[in-house]
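Chain residues, written in single-letter form:
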Amino acid sequence: MRYDRQIKLDEVGVSGQEKLRNASVLIVGVGGLGCPAAQYLVGAGIGRVGLIDHDRVSLSNLHRQLLFTEEDPGKSKAAVAKLRLQQINSEVEIDVFEEPLSIDNAENLFQLYDIILDGTDNFETKYLINDACILTEKPWVYASIYKNEGQLSVFNYQEGPSYRCLFPKTTRQNISCEATGVLGVTPGILGTMQAAEVLKMILGAGNVLSGKLKLINILSGQDQLLAISKRVEEIEKIKNEGIIPVRIECKISDETKFYLDIREIFEQPRINSGKVLQIPLSEIEDRLEEIPKQEDVLVFCQSGKRSKKVVDLLKTQFEFNNLINVEGGVETIIDE
Amino acid sequence: MKVTVKYFGMIAESAGRTEEVLEVASGTSAKDLKDLQVRKYEISDAESVQLAVNQNLDSKVELNEGDEVAFLPPFAGG
């Protein structure tokens, strides 16, 4: 039978398999982390899996998001993932939400599931998941990646610490895998470990990574396990005040100049003042007519590397002689 | 006294290394060490950086000979 190899384990058995069948998990973000997590959870026979993602598949996702194929760029991630996951295990009920997780839907959605799995790539959504989990009393499995490093923990599990206990203050330096680069295996490993934490919680097996932060370095092979102290005041604040939105937005320091922001829309901090035209790199050649040619335009990205390529490309191929690269990236043009 | 310092994420890039052994004055607290290194390596957004002393994420402690201090930035890629 299909679950024979895991039922053989003492930690699972027939009763454990029944627990998995009665469990439900919401996966927030069906990307580098969410894909492998979903594959293993569906394979293991979790009764109901929810997928929430507003994004579409792009070609540069395929090296790490192995639920998707060359036929999928442009299609809804959540919808495609559901099709593939049903081919893996048709016994699992799969719910699809093709919308962003927001302060308006988070609590209602979380009520429908036992455990939340964080497959997101930005601080705003991680704090949102954290706060909504505190309010709905759900545990969540966190993972984050920077280049070849990963962080993994379980928050809000059996009165354990929350994400705000680990990082009470956030940073504006939200650097995505799209911007820094990442090996496909890194989110593959982290997402799979997140699925393992979900299984452990449902089965009541082993030591759940609550109150601990696991640090993984794919290159050095050296892992660390750090103890996280609970900050009761951080948790009480959310219980009393509700979700506290984390907005990573900044003002531009010189509002007289004209800027072109070529970062993708999910890259932070977002700029909310001054004259800033936002055209993501992926759309730039289709939207050239929006870029003025008569005045100086300062082009920026996260670090100054991609914007340099854009300035060079537009100058040599499209006769833009008014573009200036912001060498140090977004951090050098915003108000501190 | 000597302490071992480990750097993670973008802090390792600011520092140009993942680990070093430092000589610090006795009586130095974890927070003192953080302030020193933040200035030395121009670590940005220092308020968000968490310290773990001997694998414990609690930096309100005085350091002792042989302690291991980890500098941990938040990151959010996925």
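Caption draft 1: How the structure looks around the overall build of chain B. In terms of regular secondary structure, chain B is built from two helices and five strands. Listing every helix and strand of chain B by position from the N terminus yields β-α-β-α-β-β-β. For chain B, the C-alpha radius of gyration of 12 Å lies close to 12 Å, the compact-globule estimate for 78 residues. Within chain B, the proportion of its 78 residues that are buried is 56%. Residue pairs at least 24 apart in sequence account for 48% of intrachain contacts in chain B once pairs closer than 6 positions are excluded. Accessible area for chain B stands at about 3,600 Å²; split by element, carbon and sulfur atoms hold 44% of it. Once the 8 positive and 14 negative side-chain charges of chain B are each reduced to a mean point, those two points are 2 Å apart.

Caption draft 2: View of the domain arrangement of chain A. Each assigned domain of chain A is listed with its residue range as follows: domain 1 (4-241) and domain 2 (249-332). Taking only C-alpha atoms into account, the centre of domain 1 of chain A sits 33 Å from that of domain 2 of chain A.

Caption draft 3: Highlighting unusual backbone geometry. A positive phi angle is found at Glu137(A), which is not glycine, with a value near 55 degrees. In this structure, Glu137(A) sits in the loop between α6 (123-136) and β5 (140-146).

Caption draft 4: Focus on the packing of helix α2 (residues 13-21) of chain A against helix α9 (residues 185-203) of chain A. All names here are of chain A. Between α2 and α9, the shortest axis-to-axis distance is 9 Å and the interhelical angle comes to 115 degrees. With respect to their mutual orientation, α2 and α9 come out roughly perpendicular. Helix-helix and strand crossings are classified by hand; for α2 and α9 the assignment is right-handed. For the pair α2 and α9, contact is made by Gly16, Lys19 and Leu20 and by Leu199, Ile202 and Leu203, respectively.

Caption draft 5: Region of interest: the nonpolar core. Residue and element names in this part refer to chain A. Residues Val25, Leu51 and Phe68 are the most contacted members of the largest nonpolar core, which totals 44 residues. Among the secondary structure elements, those contributing two or more residues to this core are β1 (24-28), α3 (34-44), β2 (48-52), α4 (77-88), β4 (115-118), β5, β6 (149-155) and α9. Tallying contributions element by element places α9 first for this core, with six residues. The residues contacting Val25, other than those within four sequence positions of it, are Leu41, Ile46, Arg48, Val49, Gly50, Tyr113, Ile115, Leu117, Val198 and Ile202.

Caption draft 6: Quick peek at the packing of aromatic side chains. All names here are of chain A. All told, the structure shown has 12 aromatic pairs over all chains when counted by the stated rule. Both rings, one in Trp140 and one in Phe155, keep their centres 5.2 Å apart while their planes meet at 45 degrees; by these two values the pair is tilted. Linking Trp140 in strand β5 with Phe155 in strand β6, this pair joins segments that are 15 residues apart in sequence. Residue class for Phe155 comes out buried when judged on its relative accessible area of 1%. Aromatic pair Trp140 and Tyr163: ring centres 6.0 Å apart, planes at 75 degrees, arrangement edge-to-face. Placement of Trp140 in strand β5 and of Tyr163 in helix α7 (residues 163-166) is noted, with a sequence separation of 23 residues between them. Connected via pairs of aromatic rings, a cluster forms that spans Tyr127, Trp140, Tyr142, Phe155, Tyr163 and Phe167. In this structure, Lys293 packs its charged tip against the face of Phe320, placed 4.6 Å from the ring centre.

Caption draft 7: Local environment of the pattern of salt bridges. All told, the structure shown has 22 salt bridges over all chains when counted by the stated rule. Lys75(A) is paired through a salt bridge with Asp72(A); the nearest N and O atoms lie 3.6 Å apart. Judged by its relative accessible area of 36%, Lys75(A) is partly exposed. Lys31(B) is the salt-bridge partner of Asp35(B), the closest N and O atoms lying 3.1 Å from each other. One end of the pair is Asp35(B) and the other is Lys31(B), both in helix α2 (residues 30-40) and four residues apart, which spans about a single turn.

Cut-off values and rules
- Residues numbered from 1 in each chain as written.
- Chains lettered and ligands numbered in written order.
- Predicted model: local features only at pLDDT ≥ 70, side-chain atom pairs only at ≥ 80, totals over all residues.
- Heavy atoms only, no water.
- Helix = DSSP H or I, 4+ residues; strand = E, 2+ residues; numbered from the N terminus.
- Rg over C-alpha atoms; globule rule 2.2 N^0.38 Å.
- Buried < 20%, exposed > 50% of the residue type's maximum accessible area, 1.4 Å probe, protein only.
- Contact = heavy atoms within 4.5 Å.
- Areas by Shrake-Rupley, 256 points an atom, 1.4 Å probe, with all protein chains shown as cover.
- Lys, Arg positive; Asp, Glu negative; His and termini not counted.
- Charge placed at Lys NZ, Arg CZ, Asp CG, Glu CD.
- Domains from an automatic or database assignment.
- Axes fitted to C-alpha atoms, helices over the stretch in contact; angles between N-to-C directions.
- Parallel < 35°, antiparallel > 145°, perpendicular 65-115°, else oblique.
- Left-handed = near helix turned anticlockwise from the far one by under 90°.
- Core = buried A, V, L, I, M, F, W, Y, C linked by side-chain atoms within 4.5 Å.
- Phe/Tyr/Trp six-rings, centres within 6.5 Å; stacked < 30°, edge-to-face > 60°.
- Lys NZ or Arg CZ within 6 Å of the ring centre and 35° of its normal.
- Salt bridge = Lys/Arg side-chain N within 4 Å of Asp/Glu carboxyl O.

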